[in-house]
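Summary of structural features
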Amino acid sequence: MTDLSKIAASRRGFLALAAGSAALAAGSGMAPAQTVRTGARIVILGAGAGGAAIANRLSERLSGASITIVDGRAEHYYQPGFTLVATGLKPARYATSSTGEWLPRGINWVREYAAEIDPEANRVTTTGGQRLDYDFLIVATGLTLDWDAIEGFSLDLVGAQHGISAHYASPEHAARSWQALDAFTSRGGIGMFGRPATEMKCAGAPVKLCLLAEDIATTKGNRDRCQFVYNAQAPNLFGVPVIHHRVRQIMDERDISYRYQHVLKAIDPGAKTATYTTPDGDKTDRWDFINVVPPQRAPQVIRDSGLSWADRWTDQGWIEVDMHTLRHARYANVFGIGDINGVPKGKTAASVKWHLPVVEDHLIAQIQGREGTRSFNGYTSCPLITRVGRAMLVEFDYKDNLTPSFPGIIAPLEELWISWLMKEVALKATYNAMLRGRA
Amino acid sequence: MEEMTLGTLIAVFEEMFGRVLWWALVAAAVVVTLAWLYVLIRDRRVSWRKFLLAQLSMPVGAVGAVWFVMWITNSGMRDIGGPIDWIVLLGVAVAGAIGLAMLVYVAQSLLRGRVTSET
């Protein structure tokens, strides 16, 4: 015993002991997943959350595969950050990075867009005329925002001058949307919020913006000058019934009025009016601030490719994949990741996080000539921010069951500080780790 | 979340702070802890005088840590909701208290040298 303490007490001895323990601890690491040798040609359309992440994962797991990723945009957007930018909590650069920094080495990045997809011939033709033949196609294009569907609207109207917010468009538009919201919560008036009738990415974001706007007005001491109206497209505020009631209760408590089955069809920026379609005909209302979230659809190249559902979402064009394996129903070598999927739920980054291991499993199983085992259960997560400093972690699956990630610790329908901390501090980091294929 | 493994957690912390800063923070925490253990072994006992000063710094560490976390996350005491929030708050306070106490103790020991007798 005294010998050991003699060793430890000398500086050199102590450092040696410490280094030895560290080496032991590091040695007990985790074994990596098995790599698979293959000559498969894989084409990934889109280098966003889904595309970049699957590129990293496959590049890690497959040895010898030829992976090509097609995306013409140099910027990568952290879309979950758009709401934070639009409410003045983060600057535009918080949600912007470069596509290139997330892509692995050893893959071919085609900086163009897909112009034509021919799943019968297993070929993609790019806008630059390149022909990419594939053994496997992963469609991760994301969706397009159909701004033209709102008559009278144009993206250059976004900002404080007209009182128009359109925070889905880009980080820069989200920043201009904040200026509009900032002016409105200072001056007062009627604030209109709402969502489109189509499927959309993050059905919670329009609600978050409305609740945050109300909180910001309250913090500024101007709540009595402002009116908040939320226009729901359906006879509910949220698709999952238990969450609809929670949101409704919060809006009732905070004196936010809401209208059901009101869908924005036109705005007049000069007269500051908005026209909504309702079951009782068109209604036109005045506003001082309006947040515009447009109808959302699959990109035209997808709709022209034959990959979309023929009999569902016919005005939107989401691709026809099996809701559990995410493999295309008619083309076994085509998979979908992210917003482009025609599945009952899950156009969120959190869903993408779950799509990735499922597609990776089934694609690699197919290369190896066996059946994959993973299944996507429709997991969707929405950290529903209810005010600056508090959020409700809303998580559910295809069956409208609540599926909390931290059961017993983070209560699903409670407005908590810890959920806000996660959104503010940990979520982007988790998203980035996902992009790199490590989460 | 698919799986909360240690690997995922480390990846997230690396992204949060940046790889270099994160491992530098880990290294700093390890160094301070090891230095503290070293000092204890070297002196073969706890110096209660130094310990007193370290203890007095604990409330400062606790309040400082809580204030810091709330400042960088744009939140405040009014945002504390359910029991888990109180647990997180206490956890942050305790971490700040212990961290600062250790640092104060170690700083005193290394600066003043070995204790031969208690005055």
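Residues numbered from 1 in each chain as written. Chains lettered and ligands numbered in written order. Predicted model: local features only at pLDDT ≥ 70, side-chain atom pairs only at ≥ 80, totals over all residues.

Examining the overall build of chain A
Counting its secondary structure elements, chain A contains 10 helices and 24 strands. Relative to a compact globule of 439 residues, whose C-alpha radius of gyration would be 22 Å, chain A shows 24 Å and is just as compact. Seen through its principal axes, chain A has C-alpha atoms that stretch 80 × 70 × 40 Å. When the 439 residues of chain A are sorted by exposure, 49% land in the buried category. Taking contacts inside chain A between residues at least 6 apart in sequence as the whole, the part at least 24 apart equals 64%. (Helix = DSSP H or I, 4+ residues; strand = E, 2+ residues; numbered from the N terminus. Rg over C-alpha atoms; globule rule 2.2 N^0.38 Å. Buried ≥ 20, exposed ≤ 12 C-beta atoms within 10 Å, placed from the backbone. Contact = placed C-beta atoms within 7 Å.)

Quick look at the overall build of chain B
Along chain B, the regular secondary structure elements total four helices and zero strands. Compactness check: chain B gives a C-alpha radius of gyration of 18 Å against a globular reference of 14 Å for 119 residues, more than 25% above the reference. For chain B, the C-alpha atoms occupy an extent of roughly 55 × 35 × 20 Å along the three principal directions. Among the 119 residues that make up chain B, the fraction classed as buried is 16%. Within chain B, contacts between residues at least 6 apart in sequence are counted, and of these 85% link residues at least 24 apart.

Overview of unusual backbone geometry
Residue and element names in this part refer to chain A. Phi at Gln261 is positive, roughly 55 degrees, even though this residue is not glycine. Tracing the chain through its elements places Gln261 in the loop between strand E16 (257-259) and strand E17 (263-268). Unlike most non-glycine residues, Asp400 shows phi in positive territory, near 65 degrees. For Asp400, the position within the fold is in the loop between strand E24 (390-396) and helix H10 (417-435). Asp400 sits in the partly exposed class, given 14 other C-beta atoms within 10 Å.

Things to note about the packing of helix H5 (residues 171-187) of chain A against helix H6 (residues 205-220) of chain A
All names here are of chain A. Two elements in contact, H5 and H6, have axes separated by 9 Å at closest approach and are oriented at 50 degrees. Regarding the angle of H5 to H6, the classification is oblique. Crossing handedness for the pair H5 and H6: right-handed. In this structure, H5 uses Leu181, Thr185 and Ser186 to contact H6, whose residues at the interface are Ala213, Ile216, Ala217 and Lys220. Considering only residue class, the contact of H5 with H6 consists of four nonpolar, two polar and one charged. (Axes fitted to C-alpha atoms, helices over the stretch in contact; angles between N-to-C directions. Parallel < 35°, antiparallel > 145°, perpendicular 65-115°, else oblique. Left-handed = near helix turned anticlockwise from the far one by under 90°. Nonpolar A, V, L, I, M, F, W, Y, C, P; charged D, E, K, R; others polar.)

Some details on the sheet that holds strand E8 (residues 114-118) of chain A
Residues and elements named next belong to chain A. Across the sheet, three strands lie side by side as E8-E9-E10; this open sheet has antiparallel pairing. Edge positions in the sheet fall to E8 and strand E10 (131-133), since each of these pairs with one other strand and no more. Across the sheet, the mean angle from the axis of one strand to that of its neighbour is 20 degrees, orientation sign disregarded. Examined bridge by bridge, strand E9 (residues 123-126) and E10 share three bridges and lie antiparallel to one another. Within E10, the residue paired with Thr125 across the bridge is Arg131. (Pairing = 2+ DSSP bridges.)

Observations concerning helix H3 (residues 49-61) of chain A
Relative to the 18 Å expected for 13 residues at 1.5 Å per residue, H3 of chain A spans 19 Å between its end C-alpha atoms, a close match to the ideal helical length. If you follow the buried residues of H3 of chain A, they end up packed against strand E2 (41-45), strand E3 (62-63), strand E4 (66-70), strand E11 (136-139), helix H9 (349-367) and H10 of chain A. (Expected span 1.5 Å × (residues − 1).)

As for helix H4 (residues 83-112) of chain B
For H4 of chain B, built from 30 residues, the straight-helix expectation of 44 Å at 1.5 Å per residue is met to within 8% by its first-to-last C-alpha distance of 43 Å. Among all positions of H4 of chain B, only Asp85, Gly96, Ala97, Ala101, Val104, Tyr105, Val106 and Ser109 of chain B are buried.

So, the pairing of E11 of chain A
All names here are of chain A. Neither face of E11 is left uncovered, since the one carrying Phe136 and Ile138 and the one carrying Leu137 and Val139 both have all their residues buried. Pairing of E2 with E11 involves four bridges; the strand directions are parallel. Bridged to Ile44 within E11 is Ile138. Examined bridge by bridge, E11 and strand E22 (residues 334-336) share three bridges and lie parallel to one another. Bridge pairing in E22 places Val139 opposite Gly336.

Some words on the sheet that holds E22 of chain A
All names here are of chain A. Pairing within the open sheet is parallel, and its five strands lie in the order E7-E4-E2-E11-E22. Both edges of this open sheet fall to strand E7 (108-110) and E22, since each of them pairs with a single strand only. Across the sheet, the axes of successive neighbouring strands diverge by a mean angle of 20 degrees, strand direction being ignored. Two elements, E2 and E4, share five bridges in a ladder whose sense is parallel. Bridged to Val43 within E4 is Thr68.

Some words on the domain arrangement of chain A
How big an interface is tends to be reported as the loss of accessible area on association of its parts. Residues and elements named next belong to chain A. Under the domain assignment used here, chain A contains domain 1 (36-143 + 298-367) and domain 2 (147-296). Look at where the C-alpha atoms of domain 1 and domain 2 centre, and you get two points 30 Å apart. Contacts between domain 1 and domain 2 engage 17 residues on the former and 22 residues on the latter. Residue classes in the side of domain 1 that touches domain 2 are distributed as nine nonpolar, six polar and two charged. (Domains from an automatic or database assignment.)

A few points about the environment of Gly317 of chain A
Residues and elements named next belong to chain A. Within the secondary structure, Gly317 sits in the loop between helix H8 (300-303) and E22. The exposure class assigned to Gly317 is buried, which follows from the 21 C-beta atoms found within 10 Å. Distance in space between the C-alpha atoms of Gly317 and Ala439 is 30 Å, their sequence separation being 122 residues. Residues in contact with Gly317, not counting those within four places in the same chain, are Arg297, Ala298, Ile302, Arg303 and Ser308.

Looking at the interface of chain B and chain A
Of the residues lining the interface, 23 residues belong to chain B; the matching set on chain A comes to 33 residues. Here the element with the most residues in the side of chain B that touches chain A is helix H1 (residues 6-17) of chain B; it accounts for six residues. Of the residues that constitute the side of chain B that touches chain A, the class distribution is 10 nonpolar, eight polar and five charged.

Remarks on the nonpolar core
Residues and elements named next belong to chain A. By size, the foremost hydrophobic cluster in this structure holds 131 residues, and its most contacted members are Ile44, Ile54, Ile138 and Val139. With 11 residues, the top contributor of residues to this core is H10. Two domains each put at least three residues into this core: domain 1 (36-143 + 298-367) and domain 2 (147-296). Among residues more than four places away in sequence, those in contact with Val139 are Leu45, Ile302, Leu307, Ile319, Val334, Gly336 and Ile340. (Core = buried A, V, L, I, M, F, W, Y, C linked by C-beta atoms within 7 Å.)

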